[in-house]
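What the coordinates show
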Amino acid sequence: MGTARVVFDRWDGTYAERMASVRSSAVRDLFGAATRPDVISFAGGMPDVSKVPGDAVARAAREAVRDHAATALQYGSSEGRPGLRRIFVELMAESGIRSKPDDVIVTAGAQQALDLVAKVFLDPGDVVITEGPTYLGALQAFSAYQPRIVCVPMDAAGMRVDALEEELERLGPRGAKFIYTIPNFQNPAGVTLSPERRRRLVELSRRYEVPVVEDDPYGRLRFEGGHCKPLKALDEDVIYLGTLSKIFAPGLRLGWVCAPRPILQKLLLAKQAADLCGSEFSQAVAERYFAGSRWRRVLASLTEAYAQRRDTMLSALAEHLPPEVAYTRPQGGFFVWVELPSFIDTKPLLAEAVERGVAYVPGDAFYPDGRGRNCMRLAFCYAEPEDIREGVRRLAEVFEDRLELYRAFQEAGCQV
C-alpha cells in the first residue's frame, strides 16, 4: 500500500472549520492500488463501459457538433438542455414518476446533486438521517456542512422503518433536515427497500415533516424480482436523484435532480454559484445517444453481464467462505455486503489483501462513526467472472487464519 508522506502545510489553521470533518473517499484512496494489473479489484463501483458501443458514442458526439455546435460548444442554462431534461422525464415516467422538464435540473452526476442538497438544507449541527451503512460519497458530501448524521439500521428488506419511526419520534417534527435513502440495490449493502416499507417511509416523512432524498443510481439494473415503485412515485414531495453514470458513461458526469419547485429554485441558485452551468457538449452527446432505442439493447446487455457476475460472486462466496460469514444477496445493482465475526477488523487487513492481489472497501467507510469494522463492500460490476472467482478465493485466504481463531474460541466456549 505504500507509506504516507507527511507534508508540512504552512496554511494549517487558516482553512474553514468545516474541512476538518471532511474525510477522503476510501474508494479514491484505493484507486491506485486497485488499478494495478496484478490486483483484482472489488473496490470501485465502476460500470463496465467496455460494453457501451464506441461507435454509438462517436456518432452521438459527431451529431452533437454537426447539429448543435452553436449551443453545444457554448455556455448554457443552469437548468440544463431542455431536450435532455425531457429524456430524464421520460426515464422517470417509465418507473412511475410523473414530472415535467421544469421539475428537473441537470447536474454533474448525482454526486453534485448530493452536494447541492446539503448546501441548501444543512447548517452546522443539523440532523441528517441515513441508512446504516450508507453511500460513502453521500457522507463525504454531507460532512462538509457539519451535520450530525444518524444512521438507521437495515435488514434484508432495507431500512428498518420501525427504527426510523423511533428516531423521528425522538427528534420531533422537523427535527431532521432530511432522510437520505438508496431504496434500490443499496450502496453498499445491495438490499432493496420493500414496497411496504416504502409506503411507510413516505407516511412518516409527511407526519414528521421531514423531506426524503431518494438516490436511485441502480434502479434500472434489476436482475430478478418485480419492479418497486420509486418513493417519488408515491409522494411528489420526494427529492429524486438520478444519474446516467451506471447506464451510459460516468465520464460524461451527467445526472439530475427532480424536486418540488420551491426546493428546485434553491438548488438552482446553489448550482449557479458552483458552476454557472454544466457541460453543454456532454449533455448534447447524451441527448443524441438516448434519442433512439439502441441504448436499451446496450442496457439489457449490461444488466445481463452484471447478473452473471453477481451469480459468480455469490457462488464463490458460498464455496470459499465459512458459515460464520454473512453476506447479502442483491437482486440488482453492483454490490454485496459481507459481515465477518465482530472481532475481525477489515481495515488493517486491506494491505494484506492487496499484497495477495485483491482489493475491497472496508466497512467503516460507510458509517460516520467508525462502525462496520468487521464488514466490507465487494463490487461485482467490473471484474470478469473468472477474476471474481479467483478474487474471492484470495479474499478467503486473507481471512482464513482469523476465522480459524474464531472457531477455536467458540469451541473453547469463550466470548469473542
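In what follows, the accompanying structure is described. (Residues numbered from 1 in each chain as written. Predicted model: local features only at pLDDT ≥ 70, side-chain atom pairs only at ≥ 80, totals over all residues. Heavy atoms only, no water.)

1. Focus: the overall build of the chain
When you go through the chain residue by residue, the secondary structure sums to 13 helices and 14 strands. Here the C-alpha atoms of the chain give a radius of gyration of 22 Å, agreeing with the 22 Å that 2.2 N^0.38 yields for 416 residues. By principal-axis analysis of the C-alpha atoms, the chain measures approximately 70 × 55 × 55 Å. Every one of the 416 residues in the chain was classed for burial, and the buried ones make up 54%. Roughly 18,800 Å² of accessible area belongs to the chain as shown, and the carbon and sulfur atoms make up 50% of that amount. In the chain, the 53 positive side-chain charges and the 56 negative ones have mean positions that sit 5 Å from each other. (Helix = DSSP H or I, 4+ residues; strand = E, 2+ residues; numbered from the N terminus. Rg over C-alpha atoms; globule rule 2.2 N^0.38 Å. Buried < 20%, exposed > 50% of the residue type's maximum accessible area, 1.4 Å probe, protein only. Areas by Shrake-Rupley, 256 points an atom, 1.4 Å probe, with all protein chains shown as cover. Lys, Arg positive; Asp, Glu negative; His and termini not counted. Charge placed at Lys NZ, Arg CZ, Asp CG, Glu CD.)

2. Considerations on the packing of aromatic side chains
For the coordinates displayed, the defined rule picks out 16 aromatic pairs. By way of ring pairs, the aromatic residues Phe 121, Phe 142, Phe 178 and Tyr 180 are connected into one cluster. (Phe/Tyr/Trp six-rings, centres within 6.5 Å; stacked < 30°, edge-to-face > 60°.)

3. Some details on the pairing of strand 2 (residues 104-107)
Neither face of strand 2 is open: one carries Val 104 and Val 106, the other Ile 105 and Thr 107, and all of them are buried. One ladder, built from four bridges, connects strand 2 with strand 9 (residues 255-258); its direction is antiparallel. Residue pairing in the sheet places Val 106 in a bridge with Trp 256 of strand 9. (Pairing = 2+ DSSP bridges.)

4. What about the sheet that holds strand 14 (residues 375-379)?
If you walk across this open sheet you meet the four strands as 10-11-14-13, and the pairing is antiparallel. Each of the sheet's edge strands pairs with one partner strand only, and the pair in question is strand 10 (326-327) and strand 13 (361-362). Sheet topology note: the strand 13/strand 14 ladder contains two bridges and is antiparallel. In the sheet register, Val 361 faces strand 14, and the bridge partner there is Arg 377.

5. Considering a nonpolar patch on the surface
A contiguous nonpolar patch, built from Val 65, Leu 73 and Phe 281 and spanning about 260 Å² of accessible area, is present on the exposed surface. Counting through the fold element by element, Leu 73 comes out in the loop between helix 2 (54-72) and helix 3 (82-95). Owing to a relative accessible area of 61%, Leu 73 belongs among the exposed residues under this scheme. (Patch = residues over 30% accessible without salt bridge, like charges linked within 9 Å, V, L, I, M, F, W, Y side chains within 5 Å. Salt bridge = Lys/Arg side-chain N within 4 Å of Asp/Glu carboxyl O.)

6. Brief notes about the sheet that holds strand 4 (residues 148-155)
Think of a sheet as strands paired side by side through backbone hydrogen bonds, with each pair either parallel or antiparallel. The eight strands are arranged 2-9-8-7-6-3-4-5 in an open sheet whose pairing can be described as mixed. Sheet topology places strand 2 and strand 5 (158-159) at the edges, where each strand pairs with a single neighbour. Bridging between strand 6 (residues 178-181) and strand 7 (residues 212-215) involves three bridges; their strand directions are parallel. In the strand pairing of strand 7, Thr 181 is matched with Glu 214.

7. Side note on the environment of Ala 259
As for its placement among the helices and strands, Ala 259 is situated in the loop between strand 9 and helix 9 (261-275). The sequence separation of Ala 259 and Arg 389 amounts to 130 residues, and the corresponding C-alpha distance is 42 Å. Those residues in contact with Ala 259, other than ones at most four positions away along the chain, are Asp 103, Lys 232, Val 238, Ile 239, Leu 264 and Leu 267. (Contact = heavy atoms within 4.5 Å.)

8. Side note on the packing of helix 4 (residues 109-121) against helix 9
Angle between the axes and distance between the axes: these two values describe a pair of packed helices. At a closest axis distance of 9 Å, the pairing of helix 4 and helix 9 adopts a crossing angle of 110°. The pairing of helix 4 with helix 9 is recorded here as roughly perpendicular in orientation. Crossing angle aside, the handedness with which helix 4 passes helix 9 is right-handed. Listed contacts from helix 9 to Gln 112, Leu 116, Val 117, Lys 119, Val 120 and Phe 121 of helix 4 are Ile 263, Lys 266, Leu 267, Ala 270, Lys 271, Ala 274 and Asp 275. Here the contact of helix 4 with helix 9 is built from residues that sort into eight nonpolar, one polar and four charged. (Axes fitted to C-alpha atoms, helices over the stretch in contact; angles between N-to-C directions. Parallel < 35°, antiparallel > 145°, perpendicular 65-115°, else oblique. Left-handed = near helix turned anticlockwise from the far one by under 90°. Nonpolar A, V, L, I, M, F, W, Y, C, P; charged D, E, K, R; others polar.)

9. What about unusual backbone geometry?
It is generally the case that most residues other than glycine have a negative phi and that most peptide bonds are trans. Note the cis peptide between Gly 132 and Pro 133, where omega equals 10°. As for its position among the elements, Pro 133 is in the loop between strand 3 (127-132) and helix 5 (136-143). Note that the residue after Asn 187, namely Pro 188, is joined by a cis bond; omega there is 20°. Here Pro 188 lies in the loop between strand 6 and helix 7 (195-208). Its identity is not glycine, yet Gln 146 carries a phi of approximately 60°, on the positive side.

10. Here we look at the nonpolar core
Counting residues in hydrophobic clusters, the biggest one holds 114 residues, and the most contacted among them are Phe 42, Phe 142, Leu 244 and Phe 399. Non-local contacts of Phe 142, meaning those with residues more than four positions away in its chain, are made with Leu 114, Ala 118, Leu 122, Val 128, Thr 130, Pro 147, Ile 149, Phe 178 and Tyr 180. In this structure, Ile 129, Val 161, Leu 204 and Tyr 208 belong to the second largest nonpolar core, which totals 20 residues. (Core = buried A, V, L, I, M, F, W, Y, C linked by side-chain atoms within 4.5 Å.)

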